[in-house]
Amino acid sequence: MAPDIPAASRKIAVIGGGPAGLMAAEAICRDGIRVDLFDAMPSVGRKFLMAGKGGMNITHSEPLLPFLARYGARQAKIRPLLEAFGPEALREWIHGLGIETFVGSSGRVFPQDMKAAPLLRAWLRRLREAGVDFHMRHRWLGWDEAGRLRFATSQGEQSFGFDAVVLALGGGSWAQLGSNGAWVSLLEQRGVTVATLKPTNCGFDAEWSEHFRSRFAGEPLKSVVLSFTDSAGVVHRRQGEFVATANGVEGSLIYAMSAALRDKIAAHGDVLIYLDLMPGKDESQVIKEIAHPRGSRSMASHLQSRLGIKGVKSGLLRELLPAHSFSDPARLGSAIKALPLRLIAPRPLNEAISSAGGVVFEDLDDRLMIRSLPGVFCAGEMLDWEAPTGGYLLTACFASGRVAGLGARAWLESRSSSTNSL
Ligand SMILES: Cc1cc2nc3c(=O)[nH]c(=O)nc-3n(C[C@H](O)[C@H](O)[C@H](O)COP(=O)(O)OP(=O)(O)OC[C@H]3O[C@@H](n4cnc5c(N)ncnc54)[C@H](O)[C@@H]3O)c2cc1C
């Protein structure tokens with residue numbers, strides 16, 4: 001990084017080098033408009049690379065309407081962003097980087113080799129060639145009295161003036177990868193409304209006994225149905241898998257329902273979920289199998305041989321049911337079909353896959369410029385939306401980055417005669 005940026009070429013700054021900020025930089029950096037991209041970390045895209053570790057699920061192949069429904073209460077706000085740069089456009093853009101994509105059996109879209117690193121490498125090469133200047137280890141601290149952007153750098157604090165800035169600072173989870181949510185107070189001081197950052201796609205705490213925790217933490221529960229009633233009285237029901245952890249539960253089935261579970265806990269102090277451990281059999285079949293004479297066999301081996309219930313599923317029954325239930329086939333059978341488990345708290349924000357909350361859309365115009373701070377645009381996970389995993393997070397980050405980048409360009413062009421800096 002060259003600390004002295006020639007004043008003549010200072011134009012648009014992008015702060016934050018995740019998928020939203022990099023996409024904003026790409027949208028801006030044409031026709032000689034210069035982009036300086038700042039990031040607090042020694043390198044960009046750390047969370048993006050982390051997302052690629054277990055298989056980079058970059059978007060989803062379902063049609064736009066069900067796709068939009070994944071953004072829940074914010075779908076009307078996300079819609080124009082995806083109409084400008086939706087899942088199909090994103091796939092074409094990835095192909096343009098020389099990376100093929102494929103649709104998995106679940107409809108999720110992945111790069112051919114499932115990895116994020118080759119995509120990021122190709123993208124950064126293209127951005128550098130297009131003239132984006134990267135300034136690493138520059139932590140944004142807000143604005144100085146002259147309206148310039150302040151940064152903590154290895155050479156002490158430095159301030160630079162720009163005509164416009166795109167903030168793409170991420171949410172508040174996995175702070176070790178760069179996005180720590182410290183920007184919230186910087187924007188609130190300037191009068192911007194920021195909905196509290198909350199964990200989403202997160203695990204939850206349950207009150208396991210020491211016995212259960214020591215024997216079953218880390219064990220997956222495969223093919224169960226989870227149901228519960230949310231704060232509005234709507235019943236949620238879904239089949240999938242999750243993992244019993246030392247503190248409670250996590251995994252894809254839990255993440256998929258995490259927003260409603262979190263909100264129910266916030267409203268009621270806890271949430272009761274019901275687990276169907278035998279989705280393939282109805283209750284009467286389960287009771288019939290349990291009532292089958294078991295001779296001298298223990299109930300545990302009876303359940304294993306008649307219903308295949310063993311390991312963590314068996315441990316959960318012992319953990320959550322009173323002992324007398326095991327001598328009553330009807331009671332045990334209905335518990336196997338709807339085992340109540342109380343969740344008491346979401347895991348902390350830093351552990352979550354993503355954050356809900358952020359800069360509220362009401363404070364932004366159609367180009368994602370903060371109405372009260374002309375020339376300041378926002379994109380990515382720092383905006384007030386949430387979505388389940390499945391590629392919906394990255395898709396909205398890319399799309400909002402592009403809209404904010406194009407917005408910053410258009411704004412700069414519309415006032416090219418102005419000499420004011422931020
Ligand atoms: C383990 C894990 C797996 C995931 N898997 C998937 C997946 O498969 N599919 C999917 O769609 N999504 C996934 N996600 C979510 C996805 O990675 C994020 O939603 C996405 O990276 C957010 O992009 P962003 O550009 O808004 O923010 P970020 O990627 O968080 O980037 C923000 C950048 O801003 C920088 N920054 C923050 N504050 C400052 C500051 N004050 N000054 C300077 N720089 C700053 C940070 O260093 C960082 O580089 C996953 C997330 C995690 C943690």
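See the structure shown above.
A. Spotlight on the overall build of the protein. Across its full length, the protein holds 15 helices and 19 strands. Residues classed as buried in the protein amount to 52% of the 422 residues present. Accessible area of the protein: about 18200 Å², with a carbon and sulfur share of 50%. Across the protein, the centroid of the 48 positively charged side chains sits 5 Å from that of the 42 negatively charged ones.

B. Seen up close, the sheet that holds strand β6 (residues 132-135). In spatial order, the strands read β6-β2-β1-β10-β19; together these 5 strands make up an open sheet with parallel pairing. Across the chains shown, the open sheet's two edge strands, defined by having one partner strand only, are β6 and β19 (376-378). Adjacent strand axes in the sheet meet at a mean angle of 20°, parallel and antiparallel pairs treated alike. Sheet topology note: the strand β1 (residues 12-15)/strand β10 (residues 164-167) ladder contains 4 bridges and is parallel. If you follow isoleucine 12 over to β10, its bridge partner there is alanine 164.

C. Seen up close, the environment of leucine 187. By secondary structure assignment, the location of leucine 187 is in helix α7 (residues 183-189). Not counting residues within four places of it along the chain, the set of residues in contact with leucine 187 comprises Trp140, Trp143, Leu167, Val192, Val194, Val359, Ile370 and Met382.

D. View of the packing of helix α1 (residues 19-28) against helix α15 (residues 392-414). In contact at an axis separation of 7 Å, α1 and α15 are set at 35° when each is read in the N-to-C sense. Judged by the twist between their axes, the crossing of α1 over α15 is right-handed. In this structure, α1 contributes Pro19, Ala20, Met23, Ala24, Ala27 and Ile28 to the contact, and α15 contributes Leu394, Cys397, Phe398, Gly401, Arg402, Gly405, Leu406, Ala408 and Arg409. Across the contact of α1 with α15, the residue classes tally to 11 nonpolar, 2 polar and 2 charged.

E. Structural detail: the pattern of salt bridges. Inspection of the entire model under this criterion finds 20 salt bridges. A salt bridge links arginine 34 to aspartate 133; the shortest N-O distance between them is 2.8 Å. Separated by 99 residues along the polypeptide, arginine 34 in the loop between α1 and β2 (35-38) and aspartate 133 in strand β6 bring together distant segments of the chain. You can call aspartate 133 partly exposed: its relative accessible area is 31%. Residue glutamate 207 is joined to arginine 342 by a salt bridge in which the shortest nitrogen-to-oxygen separation is 2.7 Å. Taken together, the positions of glutamate 207 in the loop between β12 (204-206) and α8 (210-216) and arginine 342 in strand β17 (residues 339-346) put the pair 135 residues apart, joining distant regions of the chain.

F. Expanded view of the site of the ligand. Lining the immediate environment of the ligand, one finds 29 residues, of which Asp39, Asn57, Trp140, Glu381 and Leu394 sit closest. At 2.8 Å from a nitrogen atom of the ligand is found a main-chain nitrogen or oxygen belonging to tryptophan 140. In this structure, glutamate 381 approaches the ligand through a side-chain N or O atom, which is 2.6 Å from an oxygen atom. Contact with the protein chains covers 95% of the free accessible surface of the ligand, which is 1000 Å².

G. Expanded view of the sheet that holds strand β5 (residues 108-111). Across the sheet, which stays open at both edges, the 3 strands sit in the order β3-β5-β4 with antiparallel pairing between neighbours. Edge positions in the sheet fall to β3 (59-60) and β4 (101-103), since each of these pairs with one other strand and no more. Summarising the sheet, β4 and β5 pair through 3 bridges and their orientation is antiparallel. Bridge pairing in β5 places valine 103 opposite valine 109. Along the sheet face, helix α5 (residues 87-96) touches β3, β4 and β5 and points at about 140° away from the line of β4.

H. Just the pairing of β17, in detail. Pairing between β12 and β17: 3 bridges, direction antiparallel. Residue aspartate 205 lies in a different strand from β17, and its bridge partner there is alanine 345. As judged from the 5 bridges shared by strand β16 (residues 271-276) and β17, these two strands associate in the antiparallel manner. When the sheet's bridge partners are listed, tyrosine 274 is paired in β17 with proline 340.

Criteria and cut-off values
Residues numbered from 1 in each chain as written. Predicted model: local features only at pLDDT ≥ 70, side-chain atom pairs only at ≥ 80, totals over all residues. Heavy atoms only, no water. Helix = DSSP H or I, 4+ residues; strand = E, 2+ residues; numbered from the N terminus. Buried < 20%, exposed > 50% of the residue type's maximum accessible area, 1.4 Å probe, protein only. Areas by Shrake-Rupley, 256 points an atom, 1.4 Å probe, with all protein chains shown as cover. Lys, Arg positive; Asp, Glu negative; His and termini not counted. Charge placed at Lys NZ, Arg CZ, Asp CG, Glu CD. Pairing = 2+ DSSP bridges. Axes fitted to C-alpha atoms, helices over the stretch in contact; angles between N-to-C directions. Contact = heavy atoms within 4.5 Å. Left-handed = near helix turned anticlockwise from the far one by under 90°. Nonpolar A, V, L, I, M, F, W, Y, C, P; charged D, E, K, R; others polar. Salt bridge = Lys/Arg side-chain N within 4 Å of Asp/Glu carboxyl O. Near = heavy atom within 4 Å. Polar contact = N/O pair within 3.5 Å; in protein donor to acceptor, adjacent residues only side chain to side chain.

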